[in-house]
Amino acid sequence: MAEIEAKTEVTGSVWKIVTELGQRVEAGETIMIIESMKMEIPVMSEEGGVIQRFLVEETTPVSEGQVVAILTT
Amino acid sequence: MNDHSKSPQPKGSKPEGWGPEIEELRFRRSQARALGGAEAVARHHERGRLTVRERIEQLVDKNSFQEVGTLTGQGKYDGTKLTAVTPAPYVMGLASIDGRPVALGGEDFTIRGGSSWSGDRKKGGQGGFVEDLAASYRIPLVNLIDGAGGSVTSINRRGHAVFPGVHGFERSVELLGTVPVVCAVLGTAAGGPAGRAILSHWSVMVDNTSQVFAAGPPVVERSLGQKLTKEELGGPQLAVDVAGTIDNRVPSEDACFTAIRRFLSYMPANVWEPPPTAAATDSADRCDEELLSIVPKDRRHPYNMKKLIGHIADRGSFFEIQPTFGKALITGLARMNGKVVGIVANNPMIYGGAMDVRAARKQIHFVEMCDCFHIPLIFFVDVPGFMVGKDAEAAATLREGMRAVYVGLQATVPMYTVVVRKCYGMAGMGTTDKNGLDLKIAWPSAEWGSLPIEGGVAAAFRREIEGAPDAKAREMEIEAGLRAMASPFRTAEAFGVEEIIDPRETRPYLCRFIDAAQPRIRTSLGPKAKYGVRP
């Protein structure tokens with residue numbers, strides 16, 4: 001079982017977490033939405049997996065490249 | 001590979017008089033083909049890397065390599081009898097890629113790590129024969145870089161220290177204005193070879209086996225006390241993804257050669273020839289239905305700009321350049337009805353498409369390259385402006401952004417502006433063809449201005465908003481009023497934008513104008529004059 005890091009590609013703040021712990025997501029599926037430059041930028045899973053941990057909560061400020069969730073395959 | 005070791009010789013006859021010399025020639029060629037010897041070649045293969053001769057063979061058309069300087073090296077003699085030759089650590093010559101001639105060469109890492117070699121005339125590197133060949137015959141140059149350049153040991157050999165620039169970059173610089181230059185980093189490149197990798201129109205490196213830096217880990221540790229691996233200091237994750245020092249990364253040497261052939265397929269042999277037109281394989285009148293719904297009605301929702309490009313360019317023709325760096329902007333070469341075009345598109349998935357310092361750098365190089373080779377540019381515009389915030393200001397986004405605008409306004413190749421959604425401010429200005437037709441077409445989703453309305457209302461109407469009984473409601477009311485007036489159709493009434501089109505019509509519309517621009521391109525060939533001072 002490999003760990004996958006879901007990272008935000010933009011600096012901003014967490015606007016909405018649209019998945020739940022233990023939920024299975026497929027590659028390309030949105031895990032959470034970051035508000036940046038007045039846009040809703042999705043954080044998408046690069047691979048299919050199950051969400052193990054969220055490292056942020058809604059309204060948390062985030063930086064480009066920051067890991068926001070951990071998944072396992 | 002052209003193997004002249006099998007020299008023509010009539011069957012059953014002996015070469016008259018010149019037999020010993022022909023034998024010596026064969027021996028010397030066999031020594032050259034052996035590179036650094038079986039052991040060194042095996043070690044090189046164990047590192048997951050091909051030899052320079054294998055690289056050339058895999059890159060070019062079959063049997064098309066005509067080597068130059070095969071016999072260069074250091075002969076060993078027993079009295080006057082030649083016993084062995086250590087070849088010069090650089091292999092180069094003339095070859096064909098997809099039937100078109102190229103000059104190419106690369107370091108032979110199996111001999112002294114591909115370090116520089118001093119003959120009467122340089123073979124490769126700065127100012128070498130291979131650069132002269134590309135410049136003189138006006139054909140593309142491909143550098144297969146796998147060497148660390150000079151060494152302090154050369155002081156021992158020469159008896160003096162070499163002044164920087166004695167083997168200068170002037171020829172390398174000249175080539176950037178005349179013929180396509182491709183550099184592939186296929187091992188560890190430091191010093192001169194690393195610098196040469198940058199002096200290219202397009203560069204590529206291979207995951208896991210290649211690194212590039214100004215100086216390697218020992219120098220860095222001694223200078224700064226930082227202990228880093230080669231990969232940490234100059235692997236593709238840093239050099240390509242973070243720094244944009246090298247343009248693209250590929251998973252293998254095989255993928256590298258495929259990418260080089262692909263890049264060159266879009267390029268003319270030189271700036272005196274038009275870009276190569278291919279037979280049209282995709283209907284110019286194709287109107288993909290998906291384009292109608294690709295842009296969400298909600299302005300806060302991004303969309304996939306790469307999908308949009310795929311629906312408009314000739315199918316499968318988009319070759320992305322710098323896909324992992326400066327991702328707020330997408331750049332790449334493609335074809336429209338068989339004609340080569342450069343595509344610059346803002347990416348709403350990253351900072352809403354705002355131009356940050358990386359996107360600006362990316363746009364500058366790409367626009368200059370297309371302008372140099374007379375490749376028309378299509379801008380798919382969705383840019384809210386320059387990136388804002390303290391980090392962006394500290395990174396000099398304003399300065400790099402204005403450089404991008406300046407370079408765009410100096411370009412003379414035909415450009416097409418397709419406003420998909422936002423086109424604001426100075427970043428928006430840099431997407432227009434001010435030296436040409438200035439043809440701007442827009443989708444109904446388009447909006448433009450000096451700055452986005454929601455960003456400007458609070459500042460411009462501050463007193464009125466603060467004085468209202470319900471400040472927020474008043475702000476929204478003012479915004480709604482301004483937004484109605486900012487409808488793209490109103491600007492079209494004033495011919496401030498030349499056309500508003502159904503998104504599905506984008507491909508046929510662009511193909512018509514790109515086809516029509518071919519005479520202009522054919523009659524504007526040659527090197528581009530450089531003037532002015534980039535801000």
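None of the values given here were measured: they were computed from a predicted structure. (Residues numbered from 1 in each chain as written. Chains lettered and ligands numbered in written order. Predicted model: local features only at pLDDT ≥ 70, side-chain atom pairs only at ≥ 80, totals over all residues. Heavy atoms only, no water.)

Trainee: Hey, could you go over the overall build of chain B for me, with residue numbers and the actual values?
Mentor: Scanning chain B for helices and strands turns up 22 helices and 19 strands. By its C-alpha atoms, chain B is 105 × 55 × 40 Å across when sized along the principal axes. The proportion of buried residues among the 535 residues of chain B is 50%. Sequence separation of at least 24 residues holds for 72% of the intrachain contacts in chain B that already meet a minimum separation of 6. A total accessible area of about 24600 Å² is found for chain B, and carbon and sulfur atoms account for 56% of it. (Helix = DSSP H or I, 4+ residues; strand = E, 2+ residues; numbered from the N terminus. Buried < 20%, exposed > 50% of the residue type's maximum accessible area, 1.4 Å probe, protein only. Contact = heavy atoms within 4.5 Å. Areas by Shrake-Rupley, 256 points an atom, 1.4 Å probe, with all protein chains shown as cover.)

Trainee: How would you summarise the packing of aromatic side chains if you had to cite specific residues and measurements?
Mentor: In the structure shown here, the tally under the stated rule is four aromatic pairs over all chains. For the ring pair W202(B) and F319(B), a centre distance of 5.6 Å and an interplane angle of 65 degrees mean the geometry is edge-to-face. Separated by 117 residues along the polypeptide, W202(B) in strand β9 (residues 202-206) and F319(B) in strand β12 (residues 319-321) bring together distant segments of the chain. Taken individually, W202(B) and F319(B) each receive the classification buried, so the pair is uniform in this respect. For the ring pair Y509(B) and F513(B), a centre distance of 5.3 Å and an interplane angle of 20 degrees mean the geometry is stacked. With Y509(B) and F513(B) both in helix α21 (residues 506-516), this residue pair falls four residues apart, about one helical turn. An aromatic cluster of three or more residues is present, and its members are W202(B), F263(B), Y266(B) and F319(B). Lying over the aromatic face of F109(B), R49(B) brings its terminal NZ or CZ to 4.5 Å of the ring centre. One cation-aromatic arrangement involves R300(B) over W15(A); the distance from NZ or CZ to the ring centre is 5.7 Å. (Phe/Tyr/Trp six-rings, centres within 6.5 Å; stacked < 30°, edge-to-face > 60°. Lys NZ or Arg CZ within 6 Å of the ring centre and 35° of its normal.)

Trainee: Pulling in residues and values, what's your account of the interface of chain A and chain B?
Mentor: Taken together, the contact between chain A and chain B spans 14 residues of the former and 19 residues of the latter. Between chain A and chain B, a total of about 1400 Å² is buried, with carbon and sulfur atoms accounting for 55% of that surface. Ranking the residues of chain A by area buried against chain B places M37(A), M39(A) and E40(A) at the top, with a combined share of 45%. For the salt bridge of E40(A) with R300(B), the shortest nitrogen-to-oxygen distance reads 2.8 Å. Counting the contacts that link chain A with chain B gives seven residue pairs in polar contact (both at pLDDT 80 or more). Put simply, the parts of the chain that give the side of chain A that touches chain B at least two residues each are β4 (30-36) and β5 (39-44) of chain A. Here the side of chain A that touches chain B takes five residues from β5(A), the largest share from any one element. When grouped by side-chain class, the residues that make up the side of chain A that touches chain B number seven nonpolar, two polar and five charged. (Buried area = accessible area lost by both parts, 1.4 Å probe. Salt bridge = Lys/Arg side-chain N within 4 Å of Asp/Glu carboxyl O. Polar contact = N/O pair within 3.5 Å; in protein donor to acceptor, adjacent residues only side chain to side chain. Nonpolar A, V, L, I, M, F, W, Y, C, P; charged D, E, K, R; others polar.)

Trainee: Explain helix α12 (residues 305-312) of chain B to me, using residue names and the numbers behind them.
Mentor: All names here are of chain B. The complete set of buried residues in α12 reads M305, L308, I309, H311 and I312. Projected down its long axis, α12 shows its buried positions confined to an angular sector of 160 degrees, all on one face. In the core, the buried residues of α12 are packed alongside β13 (329-336), β14 (339-346), β15 (377-383), β16 (415-424) and α21. Among the residues of α12, the N-terminal cap falls to N304, whose side-chain oxygen and the backbone nitrogen of K306 are separated by 3.0 Å. (Arc of directions from axis to C-beta.)

Trainee: So what's going on with the side chain of H374(B)? Residues and values would help.
Mentor: All names here are of chain B. Inspection of the secondary structure assignment puts H374 in the loop between α13 (357-372) and β15. Classification of H374 as buried rests on a relative accessible area of 3%. If we ignore the near neighbours within four places in the chain, the residues touching H374 are V271, P275, V413, I521, S524, L525, G526 and K528.

Trainee: Please provide a residue-by-residue account of the sheet that holds strand β7 (residues 181-185) of chain B, values included.
Mentor: Residue and element names in this part refer to chain B. Strand order across the open sheet formed by seven strands is β1-β4-β5-β6-β7-β9-β11, with mixed pairing between neighbours. Of all strands in the sheet, those with a lone pairing partner are β1 (66-68) and β11 (248-250), marking the two edges. Between one strand and the next, the sheet's axes are offset by a mean angle of 25 degrees, whatever the strand orientation. (Pairing = 2+ DSSP bridges. Axes fitted to C-alpha atoms, helices over the stretch in contact; angles between N-to-C directions.)

Trainee: Which residues make up the nonpolar core, and what values go with them?
Mentor: Residues and elements named next belong to chain B. One finds I260, F263 and L333 to be the most contacted residues of the largest nonpolar core, which totals 90 residues. Counting contributing residues, this core receives three or more from each of domain 1 (19-265) and domain 2 (289-446 + 497-522). Formed by 29 residues, the second largest nonpolar core is a distinct cluster that contains I312, W443, I501 and L510. (Core = buried A, V, L, I, M, F, W, Y, C linked by side-chain atoms within 4.5 Å. Domains from an automatic or database assignment.)

Trainee: Break down helix α3 (residues 52-59) of chain B for me, with residues and values.
Mentor: By the burial criterion, the buried members of α3(B) are V52(B), R53(B), R55(B), I56(B) and L59(B). For α3(B), the angular spread of the buried residues around the axis is 160 degrees, confining them to a single face.

Trainee: Hey, could you go over the pairing of β9(B) for me, with residue numbers and the actual values?
Mentor: Residues and elements named next belong to chain B. Taken across its five residues, β9 has five buried, putting it largely inside the fold. Of the two faces of β9, both are covered, the one formed by W202, V204 and V206 as well as the one formed by S203 and M205. Note: β7 against β9, four bridges, orientation parallel. Bridging across to β9, V185 finds its partner in M205. Pairing between β9 and β11: three bridges, direction parallel. Bridging across to β11, V206 finds its partner in V250.

Trainee: Describe in detail the packing of α13(B) against helix α15 (residues 397-410) of chain B, supporting the description with residues and values.
Mentor: All names here are of chain B. Remark: α13 packs on α15, axes separated minimally by 8 Å, with the N-to-C direction vectors making an angle of 15 degrees. One way to sum up the angle between α13 and α15 is to call them roughly parallel. Between α13 and α15 lies a crossing whose hand is left-handed. Contact with α13, carried on its side by V357, A360, R361, Q363, I364, V367, E368 and D371, involves T397, E400, G401, R403, A404, V407, G408 and Q410 of α15 and no other residues of that element. Residues that form the contact of α13 with α15 fall into these classes: six nonpolar, five polar and five charged. (Parallel < 35°, antiparallel > 145°, perpendicular 65-115°, else oblique. Left-handed = near helix turned anticlockwise from the far one by under 90°.)

Trainee: Please set out the sheet that holds strand β1 (residues 3-7) of chain A residue by residue, giving values where relevant.
Mentor: Residues and elements named next belong to chain A. Pairing is antiparallel in the open sheet, where four strands are placed in the order β1-β8-β6-β3. The open sheet has two edge strands, β1 and β3 (24-25), and neither has a second partner. By the bridge criterion, two bridges tie β3 to strand β6 (residues 49-54) in an arrangement that is antiparallel. In the sheet register, R24 faces β6, and the bridge partner there is V50.

Trainee: Pulling in residues and values, what's your account of the domain arrangement of chain B?
Mentor: What the domain assignment lists for chain B is domain 1 (19-265), domain 2 (289-446 + 497-522) and domain 3 (451-487). The distance between the C-alpha centroids of domain 1 of chain B and domain 3 of chain B comes to 61 Å.

Trainee: Could you give an account of the environment of I500(B), naming the residues involved and the relevant values?
Mentor: All names here are of chain B. Within the fold, I500 resides in strand β19 (residues 499-500). On the accessibility criterion, I500 (17% relative accessible area) is buried. Along the backbone, I500 and V418 are 82 residues apart, and their C-alpha atoms lie at a distance of 9.4 Å. Contact partners of I500, with chain neighbours within four places excluded, come to A442, W443, P444, P488, F489 and A492.

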